[in-house]
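Geometric and topological summary
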Amino acid sequence: MLSRVVSFLVRLLQVAAGFLLFYVVEAMITSAGFRGPNIVVLVALLAIVMLAVAAWRSERRPVGGLWVAGFVVALPLLLQSATPRSDPVCPPDHPPLTESYNCVAPGAPVVLAISAVVLLLSVVGAVVEARGLVAQMRAEAPST
């Protein structure tokens with residue numbers, strides 16, 4: 001029972017780290033192009049990796065729960081970059097975005113492709129972990 005509580009808490013912390021990573025990645029994707037990662041991005045990535053290592057060591061599953069943070073980051077980025085992009089790509093030093101002038105950030109197709117791959121890997125990880133949990137629960141259940 002205690003191991004399941006710890007697993008749940010690790011997943012909850014991975015969700016929080018994933019939301020933090022999504023928040024700061026949003027600031028990296030601007031209408032002027034991609035910005036380099038800052039210290040908050042690196043701290044969020046480190047937290048996600050450390051939590052995945054903790055889950056791996058306690059649950060004996062490689063990349064245990066890493067799918068949680070991947071899902072939290074990839075899904076909103078996929079939805080944002082998959083919206084219709086009929087507007088032109090923002091040129092350097094463009095005028096302010098208004099109702100009459102709008103442009104999209106350069107690299108939106110790259111964000112779409114990367115987030116789609118990460119989301120697919122996250123879904124696969126979730127299915128693998130769910131199957132492992134079901135098998136573990138069956139093994140722990142008393143046989144009648």
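All of the points below concern the structure found in this document. (Residues numbered from 1 in each chain as written. Predicted model: local features only at pLDDT ≥ 70, side-chain atom pairs only at ≥ 80, totals over all residues. Heavy atoms only, no water.)

1. Digging into the overall build of the protein chain
Broken down by element type, the protein chain carries four helices and two strands. Going from N to C terminus, the protein chain has its helices and strands arranged as α-β-β-α-α-α. Its C-alpha atoms give the protein chain a radius of gyration of 19 Å, more than 25% over the compact-globule value 15 Å for 144 residues. The dimensions of the protein chain, computed from C-alpha atoms along their principal axes, are 70 × 30 × 20 Å. Relative to its 144 residues, the protein chain shows a buried fraction of 29%. The contacts of the protein chain with a sequence gap of at least 6 include a subset with a gap of at least 24, amounting to 70%. (Helix = DSSP H or I, 4+ residues; strand = E, 2+ residues; numbered from the N terminus. Rg over C-alpha atoms; globule rule 2.2 N^0.38 Å. Buried < 20%, exposed > 50% of the residue type's maximum accessible area, 1.4 Å probe, protein only. Contact = heavy atoms within 4.5 Å.)

2. Some points on helix α1 (residues 2-28)
The end-to-end C-alpha distance of α1, which contains 27 residues, comes to 39 Å, matching closely the 39 Å that a straight helix rising 1.5 Å per residue would cover. Burial in α1 covers these residues: S7, V10, R11, Q14, A17, G18, L21, F22, V24, V25 and M28. (Expected span 1.5 Å × (residues − 1).)

3. Digging into the packing of α1 against helix α3 (residues 66-81)
Contact pair α1 / α3: the axes reach a minimum separation of 7 Å and the direction vectors enclose 35°. Once α1 is placed against α3, the crossing between them reads as right-handed. Residues R11, Q14, V15, G18, F19, L21, F22, V25 and E26 of α1 form the contact with α3, whose own contacting residues are L66, V68, A69, V72, V73, P76, L77 and Q80. In terms of residue class, the contact of α1 with α3 is built from 12 nonpolar, three polar and two charged. (Axes fitted to C-alpha atoms, helices over the stretch in contact; angles between N-to-C directions. Left-handed = near helix turned anticlockwise from the far one by under 90°. Nonpolar A, V, L, I, M, F, W, Y, C, P; charged D, E, K, R; others polar.)

4. Points about the environment of L42
Within the secondary structure, L42 sits in helix α2 (residues 39-59). Measuring from C-alpha to C-alpha, the distance between L42 and S81 comes to 23 Å, with 39 residues separating the pair along the chain.

5. Brief notes about the nonpolar core
Formed by 13 residues in total, the largest nonpolar core has its most connected members in L21, V41, I48, V73 and L77. Broken down by secondary-structure element, the contributors of at least two residues to this core are α1, α2 and α3. Here this core takes six residues from α1, the largest share from any one element. The contacts of L21, once residues within four sequence positions are left out, are V41, A44, L45, I48 and V73. (Core = buried A, V, L, I, M, F, W, Y, C linked by side-chain atoms within 4.5 Å.)

6. A look at the pattern of salt bridges
Counted under the stated rule, the structure contains one salt bridge. The residue R11 makes a salt bridge to E129 at a minimum N-O spacing of 2.5 Å. Placement of R11 in helix α1 and of E129 in helix α4 (residues 108-140) is noted, with a sequence separation of 118 residues between them. Its relative accessible area of 11% is what places R11 among the buried residues. (Salt bridge = Lys/Arg side-chain N within 4 Å of Asp/Glu carboxyl O.)

7. A word on the packing of α1 against α2
Two numbers describe how α1 lies on α2: the axes approach to 9 Å, and their chain directions differ by 160°. Between α1 and α2, the crossing angle belongs to the class labelled roughly antiparallel. The handedness of the crossing between α1 and α2 comes out as left-handed. Across from S7, V10, R11, L13, Q14, A17, G18, L20, L21, V24 and M28 in α1, the residues of α2 making contact are V40, V41, A44, L45, A47, I48, L51, A52, A55 and E59. Residues belonging to the contact of α1 with α2 are distributed by class as follows: 16 nonpolar, three polar and two charged. (Parallel < 35°, antiparallel > 145°, perpendicular 65-115°, else oblique.)

8. Overview of a nonpolar patch on the surface
A contiguous nonpolar surface patch, about 580 Å² in accessible area, is contributed by L2, V5, V6, F8, L9 and L12. Locating V6 in the fold gives a position in helix α1. Look at V6 and you get partly exposed, because its relative accessible area is 37%. (Patch = residues over 30% accessible without salt bridge, like charges linked within 9 Å, V, L, I, M, F, W, Y side chains within 5 Å. Areas by Shrake-Rupley, 256 points an atom, 1.4 Å probe, with all protein chains shown as cover.)

9. Examining the environment of L121
With respect to the helices and strands, the residue L121 is situated in helix α4. The class of L121 is exposed, set by a relative accessible area of 58%. Distance from L121 to E140, taken between C-alpha atoms, is 28 Å for residues 19 residues apart in sequence.

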